[in-house]
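Remarks on the overall topology
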Amino acid sequence: MAGILALVEHRQGTLRDITFETLACGRLLAQQLGESLTGVILAENPDEFAEQLKSHAHRLILVNSPVFKNFNAECYQEALSQIIRSENPTIVLMGHSAFGMDLAPSLATSLSIPLMTDCLAVDFHDGILKVTRQMYDGKLNARVKLRKHPSYLLTLRSGTFTDDQAQLNAEIVNLDLALAGEPDYRRFIEYIEPVVGEIDITKSDVVVGVGRGIKEKENIALVEDFAKAIGGVVGCTRPIVDAEWLPKDRQIGSSGKTIKPKLYIAVGVSGAFQHVAGMKGAETIIAINKDPNAPIFNEADYGIVDDLFKVLPVLKEKISEIKG
Amino acid sequence: MNIIVCIKRVPQTADADVRVDSSGKDIERQRLSFDMNEADIYALEEAVIFKEKFGGNVTAISLGGPDAEETLRIALAKGADNAVRIKAEELGEIDAYKTAQLLALAIKSKPYDVIFSGCMATDDAYSQVGVILAELLGIPHATLVTKVEAQEGKAHVYRELEGGLLEHLEMALPAVITVQTGINVPRYASLIAIRRAASKQIETIGKDEISDTSLTLNAEIEELFTPPVTKRAEIIEGDAEEVSTRVATIIKEKGLI
Ligand SMILES: Cc1cc2nc3c(=O)[nH]c(=O)nc-3n(C[C@H](O)[C@H](O)[C@H](O)COP(=O)(O)OP(=O)(O)OC[C@H]3O[C@@H](n4cnc5c(N)ncnc54)[C@H](O)[C@@H]3O)c2cc1C
Ligand SMILES: Nc1ncnc2c1ncn2[C@@H]1O[C@H](COP(=O)(O)O)[C@@H](O)[C@H]1O
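This one's a predicted model, so the numbers in the text were calculated from it and none came from an experiment.

Cut-off values and rules
- Residues numbered from 1 in each chain as written.
- Chains lettered and ligands numbered in written order.
- Predicted model: local features only at pLDDT ≥ 70, side-chain atom pairs only at ≥ 80, totals over all residues.
- Heavy atoms only, no water.
- Contact = heavy atoms within 4.5 Å.
- Buried area = accessible area lost by both parts, 1.4 Å probe.
- Salt bridge = Lys/Arg side-chain N within 4 Å of Asp/Glu carboxyl O.
- Polar contact = N/O pair within 3.5 Å; in protein donor to acceptor, adjacent residues only side chain to side chain.
- Nonpolar A, V, L, I, M, F, W, Y, C, P; charged D, E, K, R; others polar.
- Phe/Tyr/Trp six-rings, centres within 6.5 Å; stacked < 30°, edge-to-face > 60°.
- Lys NZ or Arg CZ within 6 Å of the ring centre and 35° of its normal.
- Near = heavy atom within 4 Å.
- Areas by Shrake-Rupley, 256 points an atom, 1.4 Å probe, with all protein chains shown as cover.
- Helix = DSSP H or I, 4+ residues; strand = E, 2+ residues; numbered from the N terminus.
- Axes fitted to C-alpha atoms, helices over the stretch in contact; angles between N-to-C directions.
- Parallel < 35°, antiparallel > 145°, perpendicular 65-115°, else oblique.
- Left-handed = near helix turned anticlockwise from the far one by under 90°.
- Pairing = 2+ DSSP bridges.
- Expected span 1.5 Å × (residues − 1).
- Buried < 20%, exposed > 50% of the residue type's maximum accessible area, 1.4 Å probe, protein only.
- Domains from an automatic or database assignment.

With respect to the interface of chain A and chain B
Across the boundary between the two partners, chain A contributes 86 residues, which contact 85 residues of chain B. Surface buried jointly by chain A and chain B totals about 7,600 Å² across both partners, of which 55% is contributed by carbon and sulfur atoms. For the chain A face of the interface with chain B, the top three residues by lost area are Tyr136(A), Arg143(A) and Tyr302(A), together amounting to 9%. Between Arg159(B) and Asp102(A) there is a salt bridge, with the nearest N and O atoms lying 3.5 Å from each other. Inspection of the region where chain A meets chain B yields 50 residue pairs in polar contact (both at pLDDT 80 or more). Its residues assigned to classes, the side of chain A that touches chain B comprises 37 nonpolar, 20 polar and 29 charged.

Set out below in structure tokens:
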């Protein structure tokens, strides 16, 4: 039996947004190929998730086990291998998330299925699967052809496939699998919530995001100063946190915070998708970057192509003036 | 403890002008600078921290062309004891799966208690190689790791998930740990260490050592192209004075502050 299989991602009792995007991509492919879309829910008490996803797939496979309460790639791999072997899906989809990155490569390898990660678009014709994905810090797109095979595994970039409010009515299949349980060699212990700092960048209407273009730790003061003058707070990219120039709670992006300020000013930020994921909800985005080809200019409303060290002091003055 | 670290030499493209070459499938490499992949710098540091804590030795391994040896020498200068280069120039087209297969072949014959890799290479952005390697070697893995506490035969590892949530796991060693940036503060190599590394032997493995009959290529790049622009910023032209005045006006008119 062919078809499209999409893995449902959940964490701490809640479905992840990527689940709806993955199912949306699955519906698109199912329609193109004239096949059906099956969502796979591996969970402890999957019924509630099934209720929420009923309209999003033609069929939902539910595997109920306490080992799926928390994510463990080994347990997921064991269950999914069995399901994929019996379903023989044309394409298996999951998110290119911390979950998918941990699971997809080993699952694909164990089943000898060609894998491609972080896909932006999928094109399947005459049994040939091609995907579009990004390379070289998002500067170029690549069209990648996969080795011809009856099944493929793809992980999808989040925020790419939009949930189009499907009106399906999924057939529910409760599956009883023989599962070995959590292995000794990899055991989930706990989730640890991120530390909360003194400044909550998600609460500010104006955020100035600083990136590696700032060059040195000493220069962060420049940005702090600028932010203060315009009545905003300072957020940053991951490398700034990695270098310990600012605390982790200032990081904007997929592995940091998601902000939706009225104004976001990106200073020396390249605009990697992991960063953009955390700030694309800003009402107005202004970017200062000396590289005219920086991907941030494809996200921003207004761009200044120049040296931030030249622009920032003048901009501070001008904005201070209008603020009065 | 025998520690292996996988290191890739990549073009530094974040603030460079990246152009497609005449084949349409690769980039023009001449004008770009190359260096150790960012996450691998952290992976190497973690390997060296392990050695300092538990004793033993660190082997850095890279699949790449002759110039990858330059990057391996940096690894030697930063504390790796041995370096191995798998000669990419002899092995035809390469993707993540084939890379992992080749790394597995090279690693299989060596003793190892833990293998570090980066969580992602910035050139291909696959985030695949470390995990495939673990599966091929038949050992467990954990990805996106920002903290490791190892003991005899096991380790507590902390994976960084979306939103900065940490997932704490207990794993048996040997395992592959794919390192996320920020796990440690990488050291710089001293000049003396760099000089000493210059004369060290680098082991090479090529087609004579590897029969490629069993190697599989899963993915082939057909075309590279500039991403289509769906939304492009209005670029404000002029000197610092002019652009600043204009931006301030926009901010005022839109009532953003
Ligand atoms: C799993 C995963 C999760 C991640 N999560 C996040 C996340 O949550 N948040 C995040 O930010 N990143 C995250 N990243 C990292 C992300 O991929 C990028 O590496 C990062 O966002 C780049 O940060 P940057 O823009 O500061 O640095 P770079 O990419 O190095 O860009 C620096 C920019 O500064 C510009 N510049 C340099 N000098 C000047 C100057 N004088 N004037 C003006 N401009 C200048 C350059 O042109 C360049 O565009 C994650 C990566 C992975 C693999
Ligand atoms: N050619 C290579 N040589 C050595 N290690 C590599 C190579 N390619 C990838 N790796 C390792 O695998 C990690 C993930 O790479 P990738 O799956 O390509 O994103 C990198 O950070 C490296 O540690």
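Next comes the rest of the account.
Details of the packing of aromatic side chains
Tallied over the entire structure, the rule returns eight aromatic pairs over all chains. Feature note: the residues Phe68(A), Phe71(A), Tyr76(A) and Phe99(A) constitute an aromatic cluster, connected by ring pairs. The cationic tip of Arg157(A) hangs over the ring face of Phe273(A); the distance from NZ or CZ to the ring centre is 3.4 Å. The side chain of Lys147(B) reaches across the aromatic face of Tyr158(B), ending 4.5 Å from its centre.

Let's talk about the site of ligand 2
Residue and element names in this part refer to chain B. Around ligand 2 lies a shell of 19 residues, among which Asp40, Ala121, Asp124, Ser127 and Gln128 are the nearest. In the environment of ligand 2, an oxygen atom lies 2.9 Å from a nitrogen or oxygen atom belonging to the backbone of Cys6. One of the backbone nitrogen or oxygen atoms of Tyr126 is found 3.4 Å away from an oxygen atom of ligand 2. Burial of ligand 2 by the protein chains amounts to 98% of its free accessible area of 480 Å². When contributions to the shell around ligand 2 are tallied by element, the ones reaching two or more residues are strand S4 (57-64), helix H3 (96-108) and strand S6 (114-118).

Things to note about the packing of H3(B) against helix H4 (residues 129-137) of chain B
What describes two packed helices is the angle between their axes and the distance between those same axes. All names here are of chain B. For the pair H3 and H4, interaxial distance at closest approach is 8 Å and the crossing angle is 50 degrees. By the criterion of interaxial angle, the relationship of H3 to H4 is oblique. For the pair H3 and H4, the crossing hand works out as right-handed. Together, Ala96, Tyr97, Thr99, Ala100, Gln101, Leu103, Ala104, Ile107 and Lys108 of H3 and Val129, Ile132, Leu133, Leu136 and Leu137 of H4 make up the contact between the two elements. Looking at the contact of H3 with H4, its residues break down into 11 nonpolar, two polar and one charged.

Some thoughts on the sheet that holds strand S13 (residues 206-210) of chain A
Taken in spatial order, the six strands make up an open sheet running S14(A)-S13(A)-S15(A)-S16(A)-S17(A)-S13(B), and their pairing is parallel. Of all strands in the sheet, those with a lone pairing partner are strand S14 (233-236) of chain A together with strand S13 (234-235) of chain B, marking the two edges. Sheet topology note: the strand S15 (residues 263-267) of chain A/strand S16 (residues 284-289) of chain A ladder contains five bridges and is parallel. Of the residues in S16(A), the one forming a bridge with Tyr264(A) is Ile285(A). Each of S13, S14 and S15 of chain A touches helix H5 (residues 220-230) of chain A; the most contacted strand, S13(A), lies at about 165 degrees to it. Of the strands in this sheet, S15, S16 and strand S17 (302-305) of chain A touch helix H8 (residues 308-323) of chain A, which is tilted by about 135 degrees from S16(A).

Remarks on the environment of Pro228(B)
Structurally, Pro228(B) can be placed in the loop between strand S12 (219-225) and S13. Counting along the chain gives 10 residues from Pro228(B) to Gly238(B), while the straight-line C-alpha distance between them is 26 Å.

Some details on helix H1 (residues 38-54) of chain B
Residues and elements named next belong to chain B. With 17 residues, H1 extends 25 Å from end C-alpha to end C-alpha; this agrees with the ideal 24 Å at 1.5 Å per step. Among all positions of H1, only Ala39, Asp40, Tyr42, Ala43, Leu44, Glu45, Glu46, Ala47, Val48, Phe50 and Lys51 are buried. After H1 finishes, the residue Gly55 shows a positive phi value of roughly 75 degrees.

Some words on the side chain of Asn289(A)
Considering the arrangement of structural elements, one finds Asn289(A) in strand S16. For Asn289(A), the contacting residues outside a window of four places in its chain are Gly268(A), Val269(A), Ser270(A), Ala294(A), Ile296(A), Phe297(A), Ile304(A), Val305(A) and Asp306(A).

Considerations on the site of ligand 1
Surveying the vicinity of ligand 1 reveals 31 residues, the closest of which are Arg212(A), Thr237(A), Gln251(A), Ser255(A) and Ser270(A). Residue neighbours of ligand 1 fall on chains A and B, so the site bridges chains. At 2.7 Å, a side-chain N or O of Ser270(A) approaches an oxygen atom of ligand 1. Contact with the protein chains covers 92% of the free accessible surface of ligand 1, which is 980 Å². Here the shell around ligand 1 is composed, by residue class, of nine nonpolar, 14 polar and eight charged.

As for the domain arrangement of chain A
Interface size is commonly expressed as the accessible area that is lost once the parts come together. Residue and element names in this part refer to chain A. Examined at the domain level, chain A breaks down into domain 1 (4-175) and domain 2 (206-323). Taken together, the contacts link six residues of domain 1 with six residues of domain 2. Together, the buried faces of domain 1 and domain 2 total about 420 Å²; carbon and sulfur atoms form 59% of this surface. Counting every contact that joins domain 1 to domain 2 gives one salt bridge. The shortest N-O distance in the salt bridge between Asp291 and Lys139 comes to 2.8 Å. Our count for the domain 1 to domain 2 interface comes out at one residue pair in polar contact (both at pLDDT 80 or more). Broken down by class, the residue content of the side of domain 1 that touches domain 2 amounts to no nonpolar, two polar and four charged.

Quick word on helix H2 (residues 68-77) of chain B
All names here are of chain B. Of all the 10 residues making up H2, seven are buried; the element is thus mostly covered by neighbouring parts of the structure. For H2, the full list of buried residues reads Ala68, Glu69, Thr71, Leu72, Ala75, Leu76 and Ala77. Gly79 lies just past H2 and shows a positive phi near 125 degrees.

A word on the sheet that holds strand S8 (residues 154-160) of chain B
What the 10 strands build is an open sheet, ordered S12(A)-S9(B)-S8(B)-S7(B)-S10(B)-S6(B)-S1(B)-S4(B)-S5(B)-S11(B); its pairing is mixed. Two strands in the sheet have a free side with no partner beyond their single neighbour: strand S12 (186-192) of chain A together with strand S11 (203-205) of chain B. Averaged over all adjacent pairs, the angle separating strand axes in this sheet is 30 degrees, with direction ignored. For S6(B) and strand S10 (residues 176-179) of chain B, the ladder comprises four bridges, and the chain directions are parallel. For Gly118(B), the partnering residue across the bridge sits in S10(B) and is Val179(B). Where H4(B) meets the sheet, its contacts fall on strand S1 (2-6), S6, strand S7 (141-151) and S10 of chain B, and the angle it forms with S10(B) comes to roughly 180 degrees.

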